Amino acid sequence: MTSVLEDPTLERHFKGHRDTVTSLDFNPNMKQLASGSMDSCLMVWNFKPQMRAYRFVGHKDAVMSVVFSPSGHLVASASRDKTVRLWIPSVKGESTVFKAHTATVRSVDFSPDGQALLTASDDKSIKVWTVHRQKFQFSLNQHMNWVRCARFSPDGRMIVSGSDDKTVKLWDKNTKECVHTFFEHGGFVNSVAFHPSGTCIAAAGTDSTVKVWDIRTNRLLQHYQVHTAAVNGLSFHSSGNYLITASNDSTLKILDLLEGRLFYTLHGHQGPATTVAFSRAGDFFASGGSDEQVMVWKTNFDQVDYSEVLKSHKARTEQPQPPPHIHDIPPRSPHTVRQVPRPAVPQTAAGQNSTVPHSLADFSLTSADVAMRDPVHAPPAPSVGATQPLEKQTIPPQLANTLEHIVGQLDVITQTVSILEQRLSMTENKLREALDNQQKITLQVRPTD
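Conventions used here
- Once a new chain begins, its residue numbering starts again from 1 and follows that chain's sequence as written.
- Confidence filtering applies because this is a predicted model: local features only for residues at pLDDT of at least 70, side-chain atom pairs given and counted only at 80 or more, and all residues used for totals across whole chains, interfaces and linings.
- Working from all heavy atoms in the structure, the side-chain values ignore hydrogens and water.
- UniProt positions are given in the numbering used here, feature names are shortened, and annotations may be inferred rather than shown by experiment.
- A run of H or I in DSSP becomes a helix once it reaches four residues, and a run of E becomes a strand once it reaches two; helices and strands are each numbered from the N terminus.
- Put simply, a salt bridge is a Lys or Arg side-chain nitrogen that is within 4 Å of an Asp or Glu carboxyl oxygen.
- Burial here depends on accessible area, computed with a 1.4 Å probe over protein chains only, as a share of the maximum for the residue type. Under 20% is buried, over 50% is exposed, and the range in between is partly exposed.
- For two strands to be treated as a pair, DSSP must find no fewer than two bridges joining them.
- Here, axes are lines fitted to C-alpha atoms. For helices the fit covers the stretch in contact, and angles between N-to-C directions go from 0 to 180 degrees.
- In summary, the pairing rule links any two rings of Phe, Tyr or Trp, Trp by its six-membered ring, whose centres are within 6.5 Å, and it sorts them by plane angle into stacked for under 30 degrees, edge-to-face for over 60 and tilted for everything else.

What about the UniProt feature "repeat: WD" (unreviewed entry) in the protein?
Okay, so step 1: Here the UniProt feature "repeat: WD" (unreviewed entry) sits at residues 14–55, 56–87, 98–139, 140–181, 182–223, 224–265 and 266–307.
Okay, so step 2: Annotated as 0% helix and 56% strand, the span residues 56–87 places its first and last C-alpha atoms 8 Å apart.

What about the pattern of salt bridges?
Okay, so step 1: Under the defined criterion, the tally for this structure stands at eight salt bridges.
Okay, so step 2: Lys15 is the salt-bridge partner of Glu292, the closest N and O atoms lying 3.8 Å from each other. Taken as a pair, Glu292 in the loop between strand S27 (284–289) and strand S28 (293–298) and Lys15 in strand S1 (residues 9–15) lie far apart in primary sequence, 277 residues in all.
Okay, so step 3: With a relative accessible area of 24%, Glu292 lands in the partly exposed category.
Okay, so step 4: Salt-bridge contacts for Asp214 lead to Arg216; the nearest nitrogen and oxygen are separated by 2.8 Å.
Okay, so step 5: On the accessibility criterion, Arg216 (53% relative accessible area) is exposed.

Looking at the sheet that holds strand S13 (residues 136–140)
Okay, so step 1: Strand order in the open sheet formed by four strands is S10-S11-S12-S13, with antiparallel pairing between adjacent strands. Edge positions in the sheet fall to strand S10 (105–110) and S13, since each has one partner strand and no second. Each strand axis lies, on average, 20° off the axis of its neighbour in the sheet, ignoring direction.
Okay, so step 2: Across five bridges, the pairing between S10 and strand S11 (residues 116–121) is antiparallel. When the bridges of S11 are listed, Asp109 appears paired with Leu118.

Here we look at the pairing of S28
Okay, so step 1: Burial analysis of S28 places five of its six residues in the buried class, which makes it a mostly covered element.
Okay, so step 2: Across six bridges, S1 lies against S28 in antiparallel orientation. Bridging from a neighbouring strand, His13 pairs with Met295 of S28.
Okay, so step 3: Strand direction decides the pairing type here: S27 and S28, joined by five bridges, are antiparallel. Across the sheet, Gly288 pairs through a bridge with Val294, a residue of S28.
Okay, so step 4: Between the antiparallel neighbours S27 and S28 lie three residues, among them Glu292 with a positive phi of about 70°.

What about the packing of aromatic side chains?
Okay, so step 1: Going through the model one piece at a time under the given rule, you end up with 15 aromatic pairs.
Okay, so step 2: For the ring pair Tyr242 and Phe263, a centre distance of 5.6 Å and an interplane angle of 15° mean the geometry is stacked. Residue Tyr242 is located in strand S23 (residues 242–247), and its partner Phe263 is located in strand S25 (residues 261–267); the two are separated by 21 residues in the primary sequence.
Okay, so step 3: A relative accessible area of 1% places Tyr242 in the buried class.
Okay, so step 4: On the basis of an interplanar angle of 70° and a centroid distance of 5.6 Å, the ring pair of Phe278 and Phe285 is categorised as edge-to-face.

What about the pairing of strand S3 (residues 32–37)?
Okay, so step 1: Buried residues dominate S3, accounting for six of its six residues.
Okay, so step 2: Every second residue of S3 is oriented toward a common face, with Gln32, Ala34 and Gly36 on one face and Leu33, Ser35 and Ser37 on the other, all of them buried.
Okay, so step 3: As judged from the five bridges shared by strand S2 (residues 21–26) and S3, these two strands associate in the antiparallel manner. Its bridge partner being in S3, Asp25 is matched across the sheet by Ala34.
Okay, so step 4: Taken together, S2 and the strand that follows it, S3, pair antiparallel across an intervening segment of five residues, in which Met30 is found at a positive phi of about 60°.
Okay, so step 5: In terms of strand pairing, S3 meets strand S4 (residues 41–46) through five bridges, oriented antiparallel. Looking across to S4, one finds that Gln32 is bridged to Asn46.
Okay, so step 6: Following S3, the chain reverses through three residues before pairing antiparallel with S4; Ser40 in that reversal takes a positive phi of roughly 75°.

Describing the sheet that holds strand S16 (residues 168–172)
Okay, so step 1: Spatially, four strands are ordered S14-S15-S16-S17 in an open sheet, and the strand pairing comes out antiparallel. Here the strands that pair on one side only, and so sit at the sheet edges, are strand S14 (147–152) and strand S17 (177–182). Taken pair by pair, the neighbouring strands of this sheet meet at an average axis angle of 20°, ignoring direction.
Okay, so step 2: Taken together, the five bridges between S16 and S17 define a ladder with antiparallel strand orientation. Paired with Asp172 across the strands is Glu177, a residue of S17.

Spelled out as structure tokens, the structure:
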């Protein structure tokens with residue numbers, strides 16, 4: 001290792017929900033965080049201190065899942081009221097709604113290209129929709145019980161789903177067929193996710209375990225029993241080297257996938273930790289719990305130079321291994337688990353946020369963050385001790401602000417046009433129905449010869 005390992009730190013927390021937080025997702029632009037709750041509300045938290053949070057009200061029952069579109073222009077929410085809503089994450093909070101299932105919608109996800117929506121429900125089905133006009137595409141129906149979670153693969157070609165039938169299923173989006181079923185879980189499957197490389201999947205369930213499979217060989221790679229209660233959520237780090245989990249035992253666990261061991265145990269929530277999510281670049285992660293709080297953490301430990309780790313591993317195996325893939329490496333020797341103590345979290349008024357000493361600022365991305373997002377096109381890593389400038393320092397502040405304003409206005413115009421198209425479509429449908437009814441009435445009153 002050529003750089004110092006640092007522990008995760010609690011950077012900020014938000015309090016505004018009135019019930020358990022069920023789901024979290026970072027806006028790809030790193031300016032917002034969305035959260036869903038059993039209180040039927042969707043909250044969008046703005047990281048700039050002067051901006052207040054947005055509370056979006058529209059669902060008639062608990063919000064079970066939230067996710068930003070790849071562009072960050074939309075937020076999708078799934079609810080116990082059987083609907084899915086698409087929101088514009090601005091102060092107006094405009095949304096469109098459609099009934100997606102005949103029972104609770106547990107999960108919603110955007111395809112990598114942002115053109116499709118994936119939903120999973122207590123009606124035992126998984127459905128795919130177009131984002132534009134929310135047109136139904138097809139349904140996947142082989143699960144025998146509630147489907148808790150479904151996710152697209154990074155290339156959008158595969159779908160993974162987890163169910164209360166204790167199985168994890170892998171689907172081919174093009175053929176609409178189940179290509180494999182994993183039966184290893186001893187309880188309900190609460191959460192599933194694809195590894196960033198697309199070659200592996202992870203699942204967590206009520207049996208307190210986390211499992212990782214290689215979908216090329218359908219082989220169980222790793223099996224973790226680090227929690228003492230049901231595991232509610234999980235999220236891969238963008239490097240593919242770490243997996244974070246949230247459990248009813250009130251802890252977050254960070255797993256080192258390269259070494260196959262528990263890396264950190266984080267205490268912060270008072271009661272079950274219900275959801276957790278890494279940011280797209282992996283430099284931050286957020287957690288939510290039954291204590292109604294949303295916590296934002298700075299990762300820190302992901303700043304280690306992994307080139308040395310990879311070189312040593314290649315030397316042992318004498319076979320080149322690309323960085324994004326999980327290696328089936330058993331623990332080498334007992335390790336001391338780093339435990340981050342429970343932070344003292346100040347209470348704030350509902351709907352407001354408080355900032356701990358280290359501010360998140362505006363989440364400025366360095367080239368190191370770009371490297372974690374796209375290792376193929378990333379610039380070379382700097383040498384140890386080298387100062388790495390921020391990418392946006394090359395643009396004058398006035399020009400940057402002007403461009404940001406223009407982009408924001410274009411986003412608003414784009415979403416306004418989309419909403420107008422949807423309303424025009426609804427008007428066309430109503431007009432068609434009215435014409436059909438008029439023709440029926442004309443036929444009924446036409447005199448007979």
